[in-house]
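Chain by chain, the residues:
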Amino acid sequence: MEVGKLSVEYRASVGKTSNRRLRTEGRIPAICYGVGAEPLSLSLDPLLLLKALDPVKKTNTVIELTVAGAPAGEQKLTVMLRDHQKDAMRGQITHADFIRVKLDQDVHAVIPVVLTGKAEGVKQGGMIHQVIHRLEIACRPHLIPAKLEVDVTALNLGDAIHVSDLKLGEGIRALTDAGTSVCSVTAPRAEKVEAVEAVAAEGAAAAPGAAGAPAAAGAAGAKGAPAAAAGGKAAPAPAEKKK
């Protein structure tokens, strides 16, 4: 198993002022924690941290951490990078969290899910939807895969792959619910549009008052018909009687 190596320094001063001073010196604050041990405040070179990470496994890299200047003397710890923060503008790492691990015990990790192949349902005009892009797993540190490839070739329209269908390998278990959908193939978009149009047409036909509207208009016109009789000329007013 490839193990990254990183040298760091114990940090006695903590707080915003100390953190700012570290960053102006080109270093960043960090902390290392784990069950059964007190957290250690550290400082390190962020460029060396990036070099210690496997280019494929990245944050899932197991690192041998050498801590200099600690009260109990130099320490060597087996850790993984659990979390890190970056500057929103520059993209540089500004803080790092390490967690102590034991090579003979399970650790939690998150791996990317990559779909491979072309589904049969897609060839028929369907669309494939990926629900899970990253999967949380538990296993020994040396068993953490760089990624999980899922072959979707056999999927037809309406088919789906669930977490329970994944082949994770011996010693690896998923921490996501087994019934969760990883990906699915849905019906072609044209069929969906036709179905929506059909429902809309049925709704318009069944709308109340739609059929009776023309008759109401005709009835209104019938009342005015006598006024327009005999070629559309108005009927003459009755002659005034002579006294």
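What you are looking at is a predicted structure, and each value in this text was computed from that prediction instead of being measured. (Residues numbered from 1 in each chain as written. Predicted model: local features only at pLDDT ≥ 70, side-chain atom pairs only at ≥ 80, totals over all residues. Heavy atoms only, no water.)

Notes on the layout of surface pockets
A water-sized probe rolled over the atoms picks out the places where empty space is left.
In step 1: Put simply, the largest pocket is a space of about 350 Å³.
In step 2: Lining the largest pocket are 13 residues, and of these Val35, Arg100, Val101, Lys102 and Gln105 sit closest to its centre.
In step 3: Only strand 5 (75-86), strand 6 (93-100) and strand 7 (107-116) provide two or more residues apiece to the lining of the largest pocket.
In step 4: Looking at the lining of the largest pocket element by element, the count peaks at three residues for strand 5.
In step 5: Along the lines of polarity and charge, the residues of the lining of the largest pocket split into five nonpolar, four polar and four charged. (1 Å grid on protein atoms, 1.4 Å probe; cavity = no way out; pocket = protein on both sides within 12 Å on 5 of 7 lines; lining within 4 Å. Points joined across faces, edges and corners; volume = space filled by probe spheres on them. Helix = DSSP H or I, 4+ residues; strand = E, 2+ residues; numbered from the N terminus. Nonpolar A, V, L, I, M, F, W, Y, C, P; charged D, E, K, R; others polar.)

Points about the nonpolar core
In step 1: Grouped together as the largest cluster of nonpolar side chains are 25 residues, with contacts concentrated most on Leu135, Ile161 and Leu166.
In step 2: Those elements giving two or more residues to this core turn out to be strand 7, strand 9 (134-139), strand 10 (148-151) and strand 13 (181-186).
In step 3: Ranked by the residues each element gives to this core, the list is headed by strand 7, at four residues.
In step 4: Aside from chain neighbours lying at most four places away, what touches Leu166 is Leu135, Leu148, Val150, Ile161 and Val182.
In step 5: The next biggest cluster of nonpolar side chains, apart from the first, holds 21 residues, and it includes Leu6, Leu40, Ala70 and Ile93. (Core = buried A, V, L, I, M, F, W, Y, C linked by side-chain atoms within 4.5 Å. Buried < 20%, exposed > 50% of the residue type's maximum accessible area, 1.4 Å probe, protein only. Contact = heavy atoms within 4.5 Å.)

Section: the pairing of strand 13
In step 1: Where strand 8 (residues 127-130) and strand 13 come together, four bridges link them in antiparallel fashion. If you follow Gln130 over to strand 13, its bridge partner there is Cys183.
In step 2: Two strands pair when backbone bridges link them, and strand 11 (residues 160-162) and strand 13 are joined in this way by three bridges, in the antiparallel orientation. For Ile161, the partnering residue across the bridge sits in strand 13 and is Cys183. (Pairing = 2+ DSSP bridges.)

Here we look at the environment of His129
In step 1: By the secondary structure assignment, His129 is in strand 8.
In step 2: When the C-alpha atoms of His129 and Val182 are compared, they prove to be 8.6 Å apart, with 53 residues separating the residues in sequence.
In step 3: Those residues in contact with His129 that sit more than four places away from it in its chain are Val182, Cys183, Ser184 and Thr186.
In step 4: Side chain to side chain, His129 and Thr186 meet in a polar contact 3.2 Å long. (Polar contact = N/O pair within 3.5 Å; in protein donor to acceptor, adjacent residues only side chain to side chain.)

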